[in-house]
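Per-entry structural report
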Amino acid sequence: MLFLQRMKRLSQIFSIFLLLFITVKATAQSSNATLFGVVSDENGQPIEMVNVALKNYPFGTTTNRKGEYLLRIPSGREIVVGYSSLGYEVKELSFTLDEEESFEQNVTLISKSEQLGEVLIIDRNQSSGNIVRINPRAADALPDIGIGSVEGIIKTLPGVNSNIELSCQYSVRGGNFDENLVYVNGIEVYRPYLVRSGQQEGLSFVNTDMVSSIEFSAGGFDAKYGDKMSSVLDIKYSQPTEFSASVSASLLGGKVHVEDISDNGKFTYNIGSRYKTFQYLLATLEEKGTYNPSFLDFQGYFTYELSDKVELSFLGTASSNKYQFIPETRETKTGVFNDQRKLIIYYEGQEIDRYKTYTGAFSLNWEPTRNAYLKFTASAFTTSEQETFDIIGYYRLQEVENEGTTEQEDTSLNIGVGYYHEHGRNYLDANVVNFAHRGGVKTDAHFMQWGFTFKQEFVQDQMKEWEYRDSAGYSLPFSSSSVDLYYNAKTTYQHSQQRYTAFLQDSYSIPLSIGSLFLTGGVRAHYWTYTNRLSVSPRFSAALNTGVERDIVTRLSFGWYHQPAFYREIKDLYGNINPNIQTPRSIHAVAGMDYSFISWDRPFRLTVETYYKALQNLIPYQIENVRVRYLSNEISNGYAYGADFKVNGEFVSGTQSWISMSLMKTAEDIVGDKDSDGNEVGYIPRPTDQRFKFSMYFQDYLPGLPQYQMHLTGHFITGAPYGMPRSERYQQTGRIEAYRRVDIGFMRSLVSNNKNLTNWEFFDRFKEANVSLEVFNVMDIENISSYFFVADIYNNYHAIPNRLTGLTFNLKLSATF
């Protein structure tokens, strides 16, 4: 009966969405007009990647490589359209068009003269490498548990997998969470060390209110980016040109943001603070108790123009995260329809975790000429983390009969009775000091860049964890002469090392009769005093634009990507340090194509990429929720290959949406690994081997009424391998159930472009104001993050799923001054 009721509820939800879809599509575009034209610079040259958008709405399009754009806008009213691109003055024009009218508007943008540094020079030399550019406003509109996180958008892209919605972590093309680079204004961002689950993690580092640009690469990236094997996320915080402030509050937290520029235009500030709590959301978990998570951060980006050519900037962040959990009970059912198990646990004890992190970075930007820049940076990162828990659980594992009938449930047999005690006192302090220089020079056809970095790392770690298990009165593992712990780790370690990195890179554009060819070649070197090894990583990419009637770009990239270990990788499951750690290496070969086309009188782009990664000197690992635990005394070789597909464009005119799909396989062969019979194991799936993924990000609005908006994300990801914690890697080949999730948000604009759309005078003081209803996990699917293993009276272990959050609603209010 439960199964039938659930299917009936899902069918009702699907019916409602189908009816809404048919209704919207039956009336869509009926009250719109068409705006089109070409955007060029002062010299008449077309400008690519110009944002053309309805002012203060996340609706718009971008120009192609010919500077062309086409945008559907509401008719019968005055609409303000903004034209913006990095390095150019923003231009805004007003239009009042009739229904189904087509209007041509060609636009000339004026170059900025006051902006300094690397960003502007790169923008003048737009390339077509393996970089995806994302509209920052899409991240804030996303129905996302992370209070509008950039990572929420990244997870919808092809090749990017994540099946834990409470976490900002993601894996890319078979890599793990530690293989992704994240930069904010050129400063590398470090992820937490001791965090074990998504509900402990807290806020994403990136504050979307402060962002001006987002760039992402899933592989084959340039030598200027650092030493990780999978991906790079490059974030730039904005320099304001006028005063603006915003505030947002919801059931999951809130945030405030203020930015301004001085009267003389020399000083700017961009500051924001966020607060998040999962207390309301965590109530949907099967593990009941008192959850008290509290996550708070503050960030500020300040710039001062010392002269026309010199600018000083400072980026500072501080975050304080606390997670307290007092568990009470848990009841979980698992199994097939006619063979079900039920686990009941009664708890004692609690868990208290604290994480405090600080980042500070001073940068001096000097632009001696319009086509050259020099940047000097001094930064420091510090984190203090503690994880303390004492939790005792008394459990019963039962067989369930008559499940799914109208009869009263009959639990006929207890097949497992016992208890366990988990104890932890883990403390970690880490400091990273960084001195860096970067520079670049652009000529007519070349863009040469270089960089050098020195890092001093200090880590102090104290790990004390143990677990005792008792099943039917016998301790596990059983011993007739003593009482043994199920798991025990106790270590203390200090780590002080230095790293030196450098890169040299040149980009070269060649005009051709059929289009243009863009080449980038470079080399990166990395030396770490812990291993006393020098890693050299040559990288090359080419992009051929053969667009004549259609905009077609063919891309090819090839390179070496070394990832010298950080502190986490040199520790094994029991906290022991490997002094002879190897340097993992990935050789990327990526081939891709972009095809821009017009369909339904609206612009679209199809992107296809295929890749192969040869993986060498890998450090095998296990994943427990979001914690990556390395087998630092082992080494493996492996591979990853696959194909990514993405179609993005104006599925609804004036809004950018996309659909992505990925096929991937990754495996590794642990050197010298043998099974219990002494046979060579060979290749086994890596913990991130998720073969198929489908994701979508969709935006819509009522035709002619853009103040009523809808944003939807959907994911289907096949299951990752799993096994018992601390078991042999070759035994961890089970498969978690596929991850399926749909989140949807409905937004009503109360004020738009200083125009009050309500009858309440209170809103006259705002530039923008919105109210949103967000629905997380619309179909209430019981997704699984990991498994908890319990033994029955026969010493057989049963995998009990740790399920993720269920159907939840969130109400959000936001306003801009």
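Residues numbered from 1 in each chain as written. Predicted model: local features only at pLDDT ≥ 70, side-chain atom pairs only at ≥ 80, totals over all residues. Heavy atoms only, no water.

**Quick word on the overall build of the protein chain**
The test is simple: Think of it this way: any DSSP run of H or I at least four residues long counts as a helix, any run of E at least two long counts as a strand, and we number them from the N terminus. Type-normalised accessible area, obtained with a 1.4 Å probe on protein chains alone, sets the label of each residue: buried when under 20%, exposed when over 50%, and partly exposed for intermediate values. Contact definition: two residues touch when any of their heavy atoms are within 4.5 Å. Reported accessibility uses the Shrake-Rupley method at a 1.4 Å probe radius. Residues are deemed covered only where the shown protein chains occlude them.
Along its length, the protein chain carries six helices and 46 strands. Counting across all 817 residues of the protein chain, residues that qualify as buried make up 56%. A sequence separation of at least 24 residues applies to 68% of the contacts in the protein chain between residues at least 6 apart. Element-wise, carbon and sulfur atoms account for 56% of the exposed surface of the protein chain, whose accessible area totals about 33,800 Å².

**Observations regarding the environment of Arg-173**
Applied cut-off: Polar contacts, as counted here, are pairs of nitrogen or oxygen atoms within 3.5 Å of one another; within protein the pair requires one atom able to donate a hydrogen and one able to accept it, and residues that are adjacent in sequence qualify only if both atoms are side-chain atoms.
In this fold, Arg-173 is placed in the loop between strand E11 (171-172) and strand E12 (180-184). Assessed through its relative accessible area of 4%, Arg-173 is described here as buried. As for Arg-173 and Thr-688, which are separated by 515 residues in sequence, their C-alpha atoms are 8.5 Å apart. In contact with Arg-173, not counting residues within four places along its chain, are Gly-159, Ala-218, Gly-219, Val-590, Glu-609, Tyr-611, Lys-613, Ala-640, Asp-644 and Met-664. A polar contact of 2.5 Å, which involves the side chain of Arg-173, links it to the side chain of Glu-609.

**Overview of the sheet that holds E12**
Which entries qualify depends on this criterion: Strand pairing is defined by DSSP finding a minimum of two bridges between the two strands.
Spatially, the five strands line up as an open sheet ordered E9-E14-E15-E12-E13, and their pairing is mixed. At either end of the open sheet lies a strand with only one pairing partner, and these are strand E9 (132-134) and strand E13 (187-188).

**What to know about the side chain of Thr-208**
Positionally, Thr-208 belongs in the loop between helix H5 (198-201) and strand E14 (211-217). We classify Thr-208 as buried; its relative accessible area is 8%. Within the structure, Thr-208 has its side chain in polar contact with the side chain of Lys-255 (distance 3.5 Å).

**Side note on the confidence of the model for the protein chain**
We count it as follows: Scored between 0 and 100, pLDDT is the confidence that the predictor attaches to each residue.
Scored by pLDDT, the protein chain has a mean of 84; 88% of the residues are at 70 or more. This stretch, residues 14-30, has a pLDDT under 50; its non-local contacts, to residues over four places away or in other chains, come to 17 contacts. In this model, residues 119-127 is a region of pLDDT below 50 whose contacts with residues beyond four sequence positions or in other chains number 32 contacts.

**Things to note about the packing of aromatic side chains**
The condition is simple: Here a Phe, Tyr or Trp ring, Trp counted by its six-membered ring, pairs with any other such ring whose centre lies within 6.5 Å, and the pair is stacked when the planes are under 30 degrees apart, edge-to-face when over 60, and tilted otherwise. For a lysine, the NZ atom is tested; for an arginine, the CZ atom; a charge sits over a ring if that atom is within 6 Å of the ring centre and within 35 degrees of the ring normal.
Inspection of the entire model under this criterion finds 35 aromatic pairs. For the ring pair Phe-454 and Tyr-500, a centre distance of 5.2 Å and an interplane angle of 45° mean the geometry is tilted. Highlighted residues: Phe-454 in strand E24 (residues 446-471) and Tyr-500 in strand E26 (residues 487-512), separated in sequence by 46 residues. An aromatic cluster of at least three residues, connected via ring pairs, comprises Tyr-183, Phe-221, Tyr-225 and Tyr-561. Directly above the ring of Phe-389 sits Arg-196, whose terminal nitrogen or CZ lies 4.9 Å from the centroid. Looking at Lys-646, its charged tip hangs above the ring of Trp-658, at a distance of 4.7 Å from the centre.

**So, the sheet that holds strand E5 (residues 78-84)**
Selection criterion: Inter-axis angles, ranging from 0 to 180 degrees, are taken between N-to-C directions of lines fitted to C-alpha atoms, where helices are fitted over the stretch in contact.
As summarised here, the arrangement of the four strands in space is E3-E2-E5-E6, forming an open sheet in which the pairing is antiparallel. One side of each edge strand has no neighbouring strand; the edge strands of this open sheet are strand E3 (60-62) and strand E6 (91-96). The mean inter-strand angle of the sheet, taken between neighbouring strand axes irrespective of direction, is 20°. Direction of pairing for E5 relative to E6: antiparallel, over a ladder of six bridges. Bridge assignment links Glu-78 to a residue of E6, and that residue is Thr-96.

**Focus on the side chain of Glu-179**
Worth spelling out the cut-off: Positive charges are assigned to Lys and Arg, negative charges to Asp and Glu, while His and the chain termini are left out of the count. Whenever a carboxyl oxygen of Asp or Glu lies within 4 Å of a side-chain nitrogen of Lys or Arg, that contact is scored as a salt bridge.
Locating Glu-179 in the fold gives a position in the loop between E11 and E12. Of the side chains with opposite charge, Arg-686 lies nearest to the buried Glu-179, which makes no salt bridge, at 4.2 Å. Excluding residues that lie within four positions of it along the chain, Glu-179 makes contacts with Lys-228, Met-229, Ser-230, Ser-231, Gln-563 and Arg-686.

**A closer look at the pairing of E5**
Within E5, five of the seven residues are buried, which leaves the element mostly enclosed by the surrounding structure. Examined bridge by bridge, strand E2 (residues 51-54) and E5 share four bridges and lie antiparallel to one another. Counted as the bridge partner of Leu-54 is Val-81 from E5.

**Some remarks on the environment of Asn-802**
Mapped onto the elements, Asn-802 comes out in strand E45 (residues 797-803). Each C-alpha atom of the pair Asn-802 and Phe-788 lies 6.6 Å from the other, and the pair is 14 residues apart in sequence. Residues contacting Asn-802, with those up to four places away along its chain left out, are Arg-330, Asn-783, Ile-784, Ser-785, Ser-786, Tyr-787 and Phe-788.

**Overview of the pairing of strand E30 (residues 585-599)**
Pairing analysis gives twelve bridges linking strand E29 (residues 551-562) to E30, with the strands arranged antiparallel. The residue bridging Tyr-561 from the neighbouring strand is Ser-586, located in E30. Pairing analysis gives 15 bridges linking E30 to strand E31 (residues 602-618), with the strands arranged antiparallel. Paired with Ser-596 across the two strands is Arg-605, which belongs to E31. The antiparallel pairing of E30 with E31 creates a hairpin that spans two residues between the two strands, and Trp-600 there sits at a positive phi of about 55°.

**A word on the environment of Arg-341**
Relative to the elements of secondary structure, Arg-341 occurs in strand E21 (residues 339-369). Arg-341 sits in the buried class, given a relative accessible area of 16%. Spatially, the C-alpha atoms of Arg-341 and Glu-401 are 9.2 Å apart, while their sequence positions differ by 60 residues. Excluding residues within four positions of it along the chain, Arg-341 makes contact with Thr-332, Lys-333, Thr-334, Leu-397, Gln-398, Glu-399, Val-400, Ile-415 and His-798.

**Focus on unusual backbone geometry**
Positive phi is not limited to glycine here, since Arg-173 has a value of about 50°. One non-glycine residue, Asn-617, lies in positive phi territory at about 55°. Secondary-structure assignment places Asn-617 in strand E31. Assessed through its relative accessible area of 26%, Asn-617 is described here as partly exposed.

**Brief notes about the pattern of salt bridges**
Within this structure, the stated rule accounts for 29 salt bridges. Taking the shortest distance from any N to any O, the salt bridge between Asp-689 and Arg-735 comes out at 2.6 Å. Pair noted here: Asp-689 is in the loop between strand E36 (683-685) and strand E37 (692-702) and Arg-735 is in strand E40 (residues 734-735), with a separation of 46 residues, a long-range link. Two residues, Arg-803 and Glu-782, come together in a salt bridge whose shortest N-O distance is 3.5 Å. Taken together, the residues Arg-803 in strand E45 and Glu-782 in the loop between strand E43 (768-776) and strand E44 (784-791) connect sequence positions 21 residues apart. Using a relative accessible area of 17% as the deciding quantity, one classes Arg-803 as buried. Classification of Glu-782 by relative accessible area gives partly exposed; the value is 37%. Put simply, Arg-173, Arg-555, Asp-594, Glu-609 and Asp-644 are held in one network by salt bridges that share partners.

**What about the nonpolar core?**
Put simply, the test is: We define the nonpolar core as a collection of buried residues of types Ala, Val, Leu, Ile, Met, Phe, Trp, Tyr and Cys that are connected through side-chain atoms lying within 4.5 Å of one another.
Formed by 28 residues in total, the largest nonpolar core has its most connected members in Ile-154, Tyr-170, Phe-216, Leu-233, Ile-235 and Tyr-237. Counting only elements with at least two residues in this core, the list comes to helix H4 (150-154), E12, E14 and strand E15 (231-237). If you look at the next biggest cluster of nonpolar residues, it comprises 27 residues, including Phe-381, Ala-430, Val-432 and Tyr-621.

**Topic: a nonpolar patch on the surface**
We count it as follows: Residues with no salt bridge and a relative accessible area higher than 30% make up the patches, which join like charges within 9 Å and nonpolar side chains (Val, Leu, Ile, Met, Phe, Trp, Tyr) within 5 Å.
Residues Leu-251, Tyr-280, Phe-746, Leu-773, Leu-807, Phe-809 and Leu-811 make up a contiguous nonpolar surface patch of about 610 Å² in total accessible area. Counting through the fold element by element, Leu-251 comes out in the loop between strand E16 (244-250) and strand E17 (253-261). A residue is classified by how much of its surface remains accessible, and Leu-251, at 48% relative accessible area, is partly exposed.

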